[in-house]
There are 8 protein chains.
Amino acid sequence: MVDLDQVATLDLGREARRGYPEAVFCAGKSVDQLTAIAAEIGRVGQRTLFTRADPAQAAAVLAQLPDAHHDAEARLIAWPADPPAPSGGLIVVATAGTSDLPVAREALLTARHLGREAELVVDVGVAGLHRILAKLELLRRARVIVVVAGMDGALPSVVAGLVSAPVVAVPTSVGYGAAFEGLAALLTMLNACAPGVAVVNIDNGYGAGHLAAQIAAA
Amino acid sequence: MVDLDQVATLDLGREARRGYPEAVFCAGKSVDQLTAIAAEIGRVGQRTLFTRADPAQAAAVLAQLPDAHHDAEARLIAWPADPPAPSGGLIVVATAGTSDLPVAREALLTARHLGREAELVVDVGVAGLHRILAKLELLRRARVIVVVAGMDGALPSVVAGLVSAPVVAVPTSVGYGAAFEGLAALLTMLNACAPGVAVVNIDNGYGAGHLAAQIAAA
Amino acid sequence: MVDLDQVATLDLGREARRGYPEAVFCAGKSVDQLTAIAAEIGRVGQRTLFTRADPAQAAAVLAQLPDAHHDAEARLIAWPADPPAPSGGLIVVATAGTSDLPVAREALLTARHLGREAELVVDVGVAGLHRILAKLELLRRARVIVVVAGMDGALPSVVAGLVSAPVVAVPTSVGYGAAFEGLAALLTMLNACAPGVAVVNIDNGYGAGHLAAQIAAA
Amino acid sequence: MVDLDQVATLDLGREARRGYPEAVFCAGKSVDQLTAIAAEIGRVGQRTLFTRADPAQAAAVLAQLPDAHHDAEARLIAWPADPPAPSGGLIVVATAGTSDLPVAREALLTARHLGREAELVVDVGVAGLHRILAKLELLRRARVIVVVAGMDGALPSVVAGLVSAPVVAVPTSVGYGAAFEGLAALLTMLNACAPGVAVVNIDNGYGAGHLAAQIAAA
Amino acid sequence: MVDLDQVATLDLGREARRGYPEAVFCAGKSVDQLTAIAAEIGRVGQRTLFTRADPAQAAAVLAQLPDAHHDAEARLIAWPADPPAPSGGLIVVATAGTSDLPVAREALLTARHLGREAELVVDVGVAGLHRILAKLELLRRARVIVVVAGMDGALPSVVAGLVSAPVVAVPTSVGYGAAFEGLAALLTMLNACAPGVAVVNIDNGYGAGHLAAQIAAA
Amino acid sequence: MVDLDQVATLDLGREARRGYPEAVFCAGKSVDQLTAIAAEIGRVGQRTLFTRADPAQAAAVLAQLPDAHHDAEARLIAWPADPPAPSGGLIVVATAGTSDLPVAREALLTARHLGREAELVVDVGVAGLHRILAKLELLRRARVIVVVAGMDGALPSVVAGLVSAPVVAVPTSVGYGAAFEGLAALLTMLNACAPGVAVVNIDNGYGAGHLAAQIAAA
Amino acid sequence: MVDLDQVATLDLGREARRGYPEAVFCAGKSVDQLTAIAAEIGRVGQRTLFTRADPAQAAAVLAQLPDAHHDAEARLIAWPADPPAPSGGLIVVATAGTSDLPVAREALLTARHLGREAELVVDVGVAGLHRILAKLELLRRARVIVVVAGMDGALPSVVAGLVSAPVVAVPTSVGYGAAFEGLAALLTMLNACAPGVAVVNIDNGYGAGHLAAQIAAA
Amino acid sequence: MVDLDQVATLDLGREARRGYPEAVFCAGKSVDQLTAIAAEIGRVGQRTLFTRADPAQAAAVLAQLPDAHHDAEARLIAWPADPPAPSGGLIVVATAGTSDLPVAREALLTARHLGREAELVVDVGVAGLHRILAKLELLRRARVIVVVAGMDGALPSVVAGLVSAPVVAVPTSVGYGAAFEGLAALLTMLNACAPGVAVVNIDNGYGAGHLAAQIAAA
Ligand SMILES: Nc1ncnc2c1ncn2[C@@H]1O[C@H](COP(=O)(O)O)[C@@H](O)[C@H]1O
Ligand SMILES: Nc1ncnc2c1ncn2[C@@H]1O[C@H](COP(=O)(O)O)[C@@H](O)[C@H]1O
Ligand SMILES: Nc1ncnc2c1ncn2[C@@H]1O[C@H](COP(=O)(O)O)[C@@H](O)[C@H]1O
Ligand SMILES: Nc1ncnc2c1ncn2[C@@H]1O[C@H](COP(=O)(O)O)[C@@H](O)[C@H]1O
Ligand SMILES: [Mg+2]
Ligand SMILES: [Mg+2]
Ligand SMILES: [Mg+2]
Ligand SMILES: [Mg+2]
Ligand SMILES: [Mg+2]
Ligand SMILES: [Mg+2]
Ligand SMILES: [Mg+2]
Ligand SMILES: [Mg+2]
């Protein structure tokens, strides 16, 4: 096992300082590095999320923390496996299409593991407007709504115009050509004609779930 | 007066070849050049639109063609002043906001001067969805709908999802920051999640009106 | 089989509302998700196109809808296999080069499955201008022309200058270097010096075929 | 006075529907259009903000609503002049530099006019880290913090790492060269290495203040 | 007068070394700096072109070199006023539109002042293809053709496909919106589907004329 | 074998019309399509270059034209294998680095197969200026110099400042990070501070060789 | 006079902490704000540079600090007027062209006011290579060389290849078209094929002078 | 073995001329080319670094220079294996995260092989500010600090604001979405609000180490 010192300076005080635990960004880390990190987390007993873990990385983490929960579609590992009892307001996560699901699930699970109640609504993009309108009652019950959309990224503008809660908008890289890997949706969301739209990075389900948990805190 | 030969090769056969008359793009042309061009157009008696004319350019054209119609907001001059009797289907031009009006009027007037009936709907953007839904009956009567929008450019996706007619989408440079002078709206429209959206250049009301006239031809 | 509810909200009313059936965008959907969607479509008996299906996705759809038609080059699956009897005007699809064929075929087949007569002209780019000029008689018979081009994307400008029908321009990602995956052709088409050019997303043969079908509707 | 119908479809139901009143985006609107809009707002007695008003536009609005409050630095007009009694949590607005002040004031005043208590901290960018650290106690009392920064846009990452409240990050166009009119700061904020950062458009003080008001709602 | 040393290191050996004289790029130089430079050029008697001179800059140069030739449209000053007797092959400069004329004239005059015979053809863009085809005989007599075009920048592809001579393509900033100040035309030309296209910078008439003169050298 | 008609409209008149034979761009063409094209070329006996052929594509072409010459590094196939006897002036192809060799060889072989004498100089970039200066005598003998460079793309500016011949500059995708796949080198070359630089597309060795052959024609 | 508290938090400890005094970035600051800041600086007696001051801003600063030194070309104000006695190594500032002078002077003066000896070399760009080669002896005496260049930005690569000292490269916005306001030169410098090139922001003479002063510190 | 002449012009005089030895950029070079180059380097006995070597390239080099040192994570090969005895000042290399390690190690090893003492600090990004503050004493001992960061790239601004030494900032491609492969971090660093930041190319650990070695030279 590599020497942890040489590879990471874990922010173990984050939960005390900020109220939300550390998360380990797996992309770009070697299996050896993740092994050392996961072992240390197990040792100190610090609640942690591992994000963007590919299968080999997930296996390395699970080898050290066998009782962790792994959601392959969301590429997320949560340790301990069970989320804390929910507090604060309701979070609704809505997607424009089916292909936005991996990002939406990353947001949903992050919110739950940070202690919030969260529900999922799928494939209600603006090309068939009746679909989102059919969910208005649920949307109006939420303290914050996470809207996940690729391509034109138009759904957050429409949702924000219908409710009083803030909308966390997550552009996804779903699409092709002039979608430019999510840039089109990102720009749409930054220019939403309805106010109340908080934008996060393309495909950043983790960030969206975290931000929503903070907004919906009691 | 400058020698026309040295400044332009008018496409006087365009009406015969294509069914729609020549248009003169005024931007970047000097007052002397426009004087020579307008004089020639008057001489040969060729129906013509002058687009993107600033006040000095408009004055130069009107000096040669005093009976032309000038719409200052649309920066458009039509000669002769009266549009032909309308034929073909109805064109509806709708804008997301008030600030999109100059471009919308350029489209509206172009369509009328190319021989179509055209109507205008203003400020029905998706931030207040009830506004466009209140116009559904009119939209469904159109053979083609021109949708003009800046900022998030989300309106064409919503309209295209509600009707069977094609939508000509015109991004405008309305907005600021990450609107990037209309680029955000342009990308939104190119990635519209509803099919049936025909995109033209940013602020290109002339092109939208022309294309709509062709689509709505009898 | 996954629970459909968890993965999609099919827009089964689209044909009634818009006159053209739903299409399923396969990119980014898992084989399990497509299996659930295709099974439901078979169950409700809704005419549907599946676009951008890779071989594994196509196999999943065909397992549920064995009598569907699959065009591997166009990555398109149509169910039912036979297009409706054609109505409306003629659509001509023309390509600048051979490498544009997959996108052109996606447009061609989409138009046919939405109920239009459509013909294909291949490899008539402007580097050898006599090739497109030799097709003028056919082009002038079309109600709308779809022009598919990569690299410089110059063909739509030339075609639009020769006919009275509208041109649907499809930039393709054919090319390299400063073609920037179709961006160069996209910008060319948005700036076409001849009016009457309707631009769709890069490589969007489906959208071009759909738009052309709407324009050529009776 | 122009006919209002021809220039705007005011969203007068927004306060009922969303809990926050309409805002009129002045950029791109003519003095005549703003006159008609302000007159109507006075007539129906609807609480309204006018944003991005240049001096001539502000004069037109104030002519119709003489008792409105105008903040020239923020380019904001509020009518009625007095904000409602504050409710909900505290909002702190912090700027990296002096040049970010106009945008920060737009956020501050928007938040106050939407019913929140809000305080301003100026010129505490990361080049002199002791300045933001000296404000920690205040920052930790806030329900949400708006951080306004141009150039490198690094301040939101630092603030978000120190507190449990969400941070609304506003990139500004302050800077030159590779600041690309705020693009550099925007990208920094979207990639903040600390979670909990909600990004809005470049220079969008209005949107930041509105979002913060929603987050800090009781 | 400022000390020349502090402002410029003239490349007076360029004509000996390269066969073509020095050119002074006026943009960004103060009137004082240009005065010092022009005075020195007059003193050493070195054939020189001054490019991109605005009216005040031109006046400063002409005050030192009163017998120079100034073309205001091309923003070019040539000293001495008379070009050398022409040698080498014929250069044809063709423009797509009228608005491309300032750049075209800069190329034309540069070529002549570097010792070539050069002719101008105006406004023969591809929207009316018959216009360029009517000039084929002249184009085929040229040793090199300079093609100047904005907007879609499609003309060089068409010309290069018709002749055996190389084509120097000059994108111009003519256009708006997605023309992106000449970027669209630049990319078109770099991706010309006909080989034999040499691209220079946007609006770089000087560079095009110089390159053409080198290509057409005896 | 597929029907040629369905896949290509060969420009067999190009050699007669332009003096240089057709080239087939292999990228994006299927093995079946290339087989049909190569068979036809063999049948009509038309001199042809096949560019950007990957190994499978090359095998397909060579199966139809077994006596063709294939250069794997340049991804080029020439048929017939022997270039014509050279005429016109000398072409020198120089590279900044070793990694630019594939593109440089594509230019070199294209020039030779279009009938010119051509020589190669390798790895003489500006980081060690003595290397290019050591080749000055050869460079000054050339009628045209092709300079191939990635990364900073600075070599063409330096070469153009030293000789009277025109320089064809080929940016390559060699580099990483802010080289942006050749964009940095492309922009450098378009802004060369020495006149006489003709730019072609990134990695376009074929286009550079073709253009150089035209410039160096007798 | 405005309350300083409301507009700035001066970093008066910077000289103690870092060894180099505070600089006030004037762009975007009002005359009132600068008046308050300059008054405070006079009051506390803190050595300060004011950068990017336009004439009105400069007047406001000089009204409070009448004995400051103002260099209008560099847009720089130094207070106190006299630089400290020089220590450390020699700094040479070299420009590619005359138009780069304002930025070069900003670097030169900043370096001197931070306590270094600095010399200026003007207009020695690579188009006439002999000019920079003539300065080799001086360049080799420098502890660090600041190279200021616009357009192709090629000079730093050449200089870095000739000396052992580090090169601070400053791209300028000199140029037009595809220079993209200094982006081309910036990318060139980031991709310099010679190691030892430290890049700063476009037109950032202040940053370059400061960095050079730190590198050349004793 | 290929003929070296055909593939490279080694700059063997670089150590004499510049004081730092040649480095071979392996990316884009074939195994045969690297074999020829490494053999020649062994033959002439020239100290050399091989950068960006993938495993096959590394094997080829090591086959010729079996006593070289290979660091797989840094993709670096140093020959001879042992660095020279250190001289000059201390270099500290600090990373924002674990995923930045490969680039940081490339910088660290380069600096050591160019003759400097260098130390590594890992994972001290601004999201947990206490981590970098804990290293202040070490940072203040350094003659130059290399800061390696992806995502928001904020760490160099913070470090530069705390010390008097210059900071060499290396953006990395760590991140996703709007990190745009390191572009976000690059722009942040170019716009650092603290002066004293020298930027190199994205992922350019070699360049950073080289520049730091020059700055820290005795
Ligand atoms: N506003 C416009 N936007 C885009 N294209 C235009 C516009 N106005 C005219 N055009 C086209 O540009 C051509 C005229 O360009 P020019 O020869 O420069 O006057 C016309 O034939 C139209 O096809
Ligand atoms: N400064 C602003 N930035 C972004 N959006 C705004 C701004 N001011 C107002 N808005 C939004 O734009 C809508 C009004 O646009 P308009 O109909 O053009 O006046 C309002 O309903 C607000 O939601
Ligand atoms: N490598 C290349 N790069 C750019 N253009 C090429 C290349 N190879 C061939 N071409 C051009 O592209 C045309 C062939 O395109 P295609 O019809 O798709 O084979 C040829 O006539 C050439 O003018
Ligand atoms: N011309 C300049 N370019 C970049 N940064 C600067 C410039 N002038 C001053 N600065 C930095 O910006 C900080 C001042 O910003 P501000 O607080 O807005 O005056 C100073 O502390 C300097 O570090
Ligand atoms: Mg869907
Ligand atoms: Mg509105
Ligand atoms: Mg072809
Ligand atoms: Mg400050
Ligand atoms: Mg014209
Ligand atoms: Mg080399
Ligand atoms: Mg000069
Ligand atoms: Mg970390």
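Rules of the game
- Residues numbered from 1 in each chain as written.
- Chains lettered and ligands numbered in written order.
- Predicted model: local features only at pLDDT ≥ 70, side-chain atom pairs only at ≥ 80, totals over all residues.
- Heavy atoms only, no water.
- Helix = DSSP H or I, 4+ residues; strand = E, 2+ residues; numbered from the N terminus.
- Rg over C-alpha atoms; globule rule 2.2 N^0.38 Å.
- Contact = heavy atoms within 4.5 Å.
- Areas by Shrake-Rupley, 256 points an atom, 1.4 Å probe, with all protein chains shown as cover.
- Lys, Arg positive; Asp, Glu negative; His and termini not counted.
- Charge placed at Lys NZ, Arg CZ, Asp CG, Glu CD.
- Near = heavy atom within 4 Å.
- Polar contact = N/O pair within 3.5 Å; in protein donor to acceptor, adjacent residues only side chain to side chain.
- Nonpolar A, V, L, I, M, F, W, Y, C, P; charged D, E, K, R; others polar.
- Domains from an automatic or database assignment.
- Buried area = accessible area lost by both parts, 1.4 Å probe.
- Salt bridge = Lys/Arg side-chain N within 4 Å of Asp/Glu carboxyl O.
- Buried < 20%, exposed > 50% of the residue type's maximum accessible area, 1.4 Å probe, protein only.
- Arc of directions from axis to C-beta.
- Least-squares fit on C-alpha atoms with pLDDT ≥ 70 in both.
- Axes fitted to C-alpha atoms, helices over the stretch in contact; angles between N-to-C directions.
- Parallel < 35°, antiparallel > 145°, perpendicular 65-115°, else oblique.
- Left-handed = near helix turned anticlockwise from the far one by under 90°.
- Phe/Tyr/Trp six-rings, centres within 6.5 Å; stacked < 30°, edge-to-face > 60°.
- Lys NZ or Arg CZ within 6 Å of the ring centre and 35° of its normal.
- Pairing = 2+ DSSP bridges.

A tally of helices and strands in chain A yields 10 helices and 9 strands. Relative to its length of 218 residues, chain A is compact, with a C-alpha radius of gyration of 18 Å against a globular reference of 17 Å. Judged by the C-alpha coordinates and their principal axes, chain A covers about 55 × 40 × 25 Å. Long-range pairs, those at least 24 residues apart, make up 70% of the contacts in chain A with a sequence separation of at least 6. Total accessible area computed for chain A in this model is approximately 6400 Å², and 52% of it derives from carbon and sulfur atoms. Placing the 16 positive and 21 negative side-chain charges of chain A at their respective mean positions leaves the two points 7 Å apart.

Right, let's get into the site of ligand 3. In the vicinity of ligand 3, 16 residues are found, and the nearest of them are C:Tyr176, F:Arg14, F:Glu22, F:Lys29 and F:Thr51. Taken together, the residues near ligand 3 originate from chains C, E and F. At 2.7 Å from an oxygen atom of ligand 3 is found a side-chain nitrogen or oxygen belonging to F:Glu22. In this structure, F:Ala23 approaches ligand 3 through a main-chain N or O atom, which is 3.4 Å from an oxygen atom. When isolated, ligand 3 has an accessible area of 500 Å², and the protein chains bury 90% of it. When grouped by side-chain class, the residues that make up the shell around ligand 3 number 7 nonpolar, 3 polar and 6 charged.

Here we come to the site of ligand 2. What surrounds ligand 2 is a group of 16 residues, the closest being B:Tyr176, D:Arg14, D:Glu22, D:Lys29 and D:Thr51. Surrounding ligand 2 is a set of residues that belongs to chains A, B and D. One of the backbone N or O atoms of D:Phe25 is found 3.3 Å from an oxygen atom in ligand 2.

On to the domain arrangement of chain A. Residue and element names in this part refer to chain A. In terms of domain boundaries, chain A breaks down into domain 1 (4-79) and domain 2 (90-215). With centres defined by C-alpha atoms, the gap from domain 1 to domain 2 works out at 26 Å. Listed as interface residues are 14 residues of domain 1 and, on the opposing side, 14 residues of domain 2. Carbon and sulfur atoms supply 59% of the area buried between domain 1 and domain 2, which totals about 1300 Å² over both sides. Taken as a group, Tyr20, Leu49 and Glu73 account for 40% of the area that domain 1 buries against domain 2, more than any other trio of residues on that side. At the boundary of domain 1 with domain 2, the tally comes to 2 salt bridges. A salt bridge links Asp71 to Arg105, with the nearest nitrogen and oxygen atoms 2.8 Å apart.

Moving on: the interface of chain F and chain H. Opposite the 18 residues of chain F that make contact, chain H presents 21 residues. At the boundary of chain F with chain H, total buried surface from both sides reaches about 1400 Å², with 53% on carbon and sulfur atoms. Broken down residue by residue, the surface that chain F buries against chain H is led by F:Thr98, F:Ser99 and F:Tyr176, which jointly contribute 38%. On inspection of chain F and its partner chain H, the count reaches 0 salt bridges. Partitioning the side of chain F that touches chain H into residue classes produces 9 nonpolar, 6 polar and 3 charged.

With that settled, the discussion passes to helix α3 (residues 55-64) of chain B. Residues and elements named next belong to chain B. Where α3 is concerned, the buried positions are Gln57, Ala58, Ala60 and Val61. Projection of α3 onto a plane perpendicular to its axis shows the buried side chains occupying an angular sector of 160 degrees, all on one side. Exposed side of α3, more than 90 degrees from the buried face: Pro55 and Ala63 are the residues found there. Contact partners of the buried residues in α3: α2 (31-44), β2 (48-51), β3 (69-71) and β4 (76-79). For α3, the N-terminal capping position is held by Asp54, with its side-chain oxygen 3.1 Å away from the main-chain nitrogen of Ala56.

Note on the identical chains: chain D maps onto chain A by a rotation of 180 degrees and an axial translation of 0.0 Å, with an RMSD of 0.0 Å. In the structure described here, the two chain copies are related by an operation that fits a two-fold rotation axis. An overlap of 100% is found between the interface residues of chain D and their copies at the interface of chain A, pointing to a shared contact surface.

With that out of the way, let us pick up the packing of helix α2 (residues 31-44) of chain H against helix α3 (residues 55-64) of chain H. Residue and element names in this part refer to chain H. Packing of α2 against α3 leaves a shortest axis separation of 8 Å and a crossing angle of 30 degrees. The orientation of α2 with respect to α3, classified from their angle, is roughly parallel. The chirality of how α2 crosses α3 is right-handed. For the pair α2 and α3, contact is made by Val31, Leu34, Thr35, Ala38 and Ala39 and by Ala56, Gln57, Ala60, Val61 and Gln64, respectively. Looking at the contact of α2 with α3, its residues break down into 7 nonpolar, 3 polar and no charged.

This part is about the interface of chain D and chain A. Facing the 30 residues of chain D at the interface are 30 residues of chain A. For the chain D and chain A pair, buried surface summed over both sides reaches about 2400 Å², with 51% attributable to carbon and sulfur atoms. The largest per-residue losses of area from chain D upon contact with chain A belong to D:Arg18, D:Leu190 and D:Pro195, which jointly make up 26% of the total buried on that side. Applying the counting criterion to the chain D and chain A interface returns 0 salt bridges. Counting the contacts that link chain D with chain A gives 19 residue pairs in polar contact (both at pLDDT 80 or more). Breaking the side of chain D that touches chain A down by element, the ones donating at least two residues are α1 (14-18), α8 (183-190), β9 (197-199) and α9 (205-215) of chain D. Ranked by residues supplied to the side of chain D that touches chain A, first place goes to α9(D) with 5 residues. Tallied by class, the residues present in the side of chain D that touches chain A amount to 18 nonpolar, 7 polar and 5 charged.

Right, let's talk about the relation of the copies chain F and chain H for a bit. Each copy superposes on the other: chain F lies on chain H with an RMSD of 0.0 Å after a rotation of 90 degrees and an axial shift of 0.0 Å. Expressed as a symmetry operation, the mapping of one chain copy onto the other fits a four-fold axis. Ranked by how close their C-alpha atoms come to the rotation axis, the residues of chain F are headed by F:Phe180, at 7.6 Å.

Summed over all chains, the structure comprises 8 aromatic pairs over all chains. Each ring, one from A:Tyr176 and one from C:Phe25, has its centre 6.0 Å from the other, and the planes form 25 degrees; the classification is stacked. Of this pair, A:Tyr176 sits in the loop between β8 (167-171) and α9 (183-190) while C:Phe25 sits in strand β1 (residues 23-25), each in a different chain. Pair check on accessibility: A:Tyr176 and C:Phe25 agree, each one buried. Here G:Arg52 stacks its cationic end above the ring of D:Tyr176, 3.3 Å away from the centre of that ring.

Residues and elements named next belong to chain A. The final tally for this structure, using the stated rule, is 64 salt bridges over all chains. For Asp11, the salt bridge goes to Arg14, with nearest N and O atoms at 3.3 Å. Under the relative-accessibility criterion, Asp11 is labelled buried at 0%. Here Arg14 falls in the buried class, since its relative accessible area comes to 6%. Through salt bridges with shared partners, a single ionic network connects Asp11, Arg14, Arg17 and Glu22.

This part covers the sheet that holds strand β3 (residues 69-71) of chain F. Residues and elements named next belong to chain F. Spatially, β1-β2-β4-β3 is the arrangement adopted by the 4 strands of the open sheet, whose pairing is mixed. Of all the strands in the sheet, the pair left with one neighbour each is β1 (23-25) and β3. The sheet shows a mean angle of 15 degrees between the axes of neighbouring strands, direction not considered. Pairing geometry for β1 and strand β2 (residues 48-51), over 3 bridges, is parallel. Bridge pairing in β2 places Val24 opposite Phe50. Here helix α2 (residues 31-44) sits on the sheet in contact with β1, β2 and β4 (76-79), set at roughly 165 degrees to β2.

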